[in-house]
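A closer look at the structure
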Amino acid sequence: MDLFFQKSGNGDPIIILHGLYGSSDNWVTFARQLAERNTVYLIDQRNHGRSPHHPEHSYDRMSEDLLEFFTKQHIEKAAILGHSMGGKTAMLFAAKYPEKVKGLIVVDIAPAGYASVNEFSPQAIAHLNIVNAMLSVDLAQYNTRAEIETELTKTITDAAIRQFIMKNVHRNADHSFNWKLNLKALSNALPEIMGSIHLEKVLAHKEPIHIPTLFIRGGHSNYLLPEHYAEIKTYFPEAQIETIPNAGHWVHAEQPVIFEQTVTHFLDNLDSYSVTE
């Protein structure tokens, strides 16, 4: 799949993978900071942003999309940062192709699943509500973005989440609107997206993933919790786990300065880490 991406900077490559409903545009400000020391690739994953739509949306396919991206961009090895859905893609890619990953940064997500949409976990309910809210809005009926946001207010009461979702509204040349997201595919794949990436199957009869790894969690988030630490250490024995206080699931947006410092400190020590391992 020919993924859309944005490239900036010079130096060792780092690839950034956004989360569900996100896009490369969400990470431009952060990329600008990293571009002073790295070549930064911001990718739109399939069915998001300006990348192609496809009826299949799974972590296995997204990890293969990433492998294809490495090949097309002639990247031999890179650090990978993934948030939420992007973090699961990054973990699976590292398990399948560890030789291509110099360092792994996973932002506020665990390898574990978060229950199916029928089991009513808080995370599953939240995402089901968001997808259904977008599906319920017929964009052809509206003339302005303000009208669309007003309609979304009825079902998405959190202003920050609503503004995040509004970034997926695209105005066409004829002034009509459409969703950048492939909502049908994402709706069908929601149980897969919320599920486990099954690293135990990928790593069957193999060694754990010996890659420098950093997990970053928001102190107020319920996506990456202390009860996940044992599983993380099983698959990523070298993993460091850092908590950023006063931040939720979108930790990079809520505490950008601390987040940037945490990431750059990890990247600064990648070479020395590799030498000593």
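Anything mentioned here points back to the structure above.
Notes on the structure in this doc start here. (Residues numbered from 1 in each chain as written. Predicted model: local features only at pLDDT ≥ 70, side-chain atom pairs only at ≥ 80, totals over all residues. Heavy atoms only, no water.)

**Here's the deal with the overall build of the protein chain**
Assigned secondary structure in the protein chain consists of 12 helices and nine strands. Taken against the 2.2 N^0.38 rule, which gives 19 Å for 277 residues, the C-alpha radius of gyration of the protein chain at 18 Å falls within 12% of a compact globule. Within the protein chain, buried positions represent 52% of all 277 residues. Taking contacts inside the protein chain between residues at least 6 apart in sequence as the whole, the part at least 24 apart equals 72%. Counting only carbon and sulfur atoms, one obtains 51% of the accessible surface of the protein chain, whose full area is about 12,500 Å². In the protein chain, the 23 positive side-chain charges and the 32 negative ones have mean positions that sit 4 Å from each other. (Helix = DSSP H or I, 4+ residues; strand = E, 2+ residues; numbered from the N terminus. Rg over C-alpha atoms; globule rule 2.2 N^0.38 Å. Buried < 20%, exposed > 50% of the residue type's maximum accessible area, 1.4 Å probe, protein only. Contact = heavy atoms within 4.5 Å. Areas by Shrake-Rupley, 256 points an atom, 1.4 Å probe, with all protein chains shown as cover. Lys, Arg positive; Asp, Glu negative; His and termini not counted. Charge placed at Lys NZ, Arg CZ, Asp CG, Glu CD.)

**A short note on the pairing of strand β4 (residues 78-83)**
Every other side chain in a regular strand lies on the same face of the sheet, so the side chains alternate between the two faces. Taken across its six residues, β4 has six buried, putting it largely inside the fold. Of the two faces of β4, the one holding Ala78, Ile80 and Gly82 and the one holding Ala79, Leu81 and His83 are both buried throughout. Sheet topology note: the strand β2 (residues 12-17)/β4 ladder contains four bridges and is parallel. In the sheet register, Ile15 faces β4, and the bridge partner there is Ile80. One ladder, built from six bridges, connects β4 with strand β5 (residues 101-107); its direction is parallel. When the sheet's bridge partners are listed, Leu81 is paired in β5 with Ile105. (Pairing = 2+ DSSP bridges.)

**A short note on the sheet that holds strand β3 (residues 38-43)**
Read across the open sheet, the seven strands follow the order β1-β3-β2-β4-β5-β8-β9; overall the sheet is mixed. Because the sheet does not close on itself, it has two edges, and the strands there are β1 (5-8) and β9 (240-244). Here the average twist between neighbouring strands, direction ignored, is 15°. (Axes fitted to C-alpha atoms, helices over the stretch in contact; angles between N-to-C directions.)

**A look at the pattern of salt bridges**
Applying the stated rule across the entire model yields 11 salt bridges. For Asp25, the salt bridge goes to Arg50, with nearest N and O atoms at 2.7 Å. Of the two residues, Asp25 is situated in the loop between β2 and α1 (28-34) and Arg50 in the loop between β3 and α2 (59-72); the sequence distance between them amounts to 25 residues. Taking relative accessible area as the criterion, Arg50 reaches 47% and is therefore assigned partly exposed. Two residues, Glu64 and Lys96, come together in a salt bridge whose shortest N-O distance is 2.6 Å. (Salt bridge = Lys/Arg side-chain N within 4 Å of Asp/Glu carboxyl O.)

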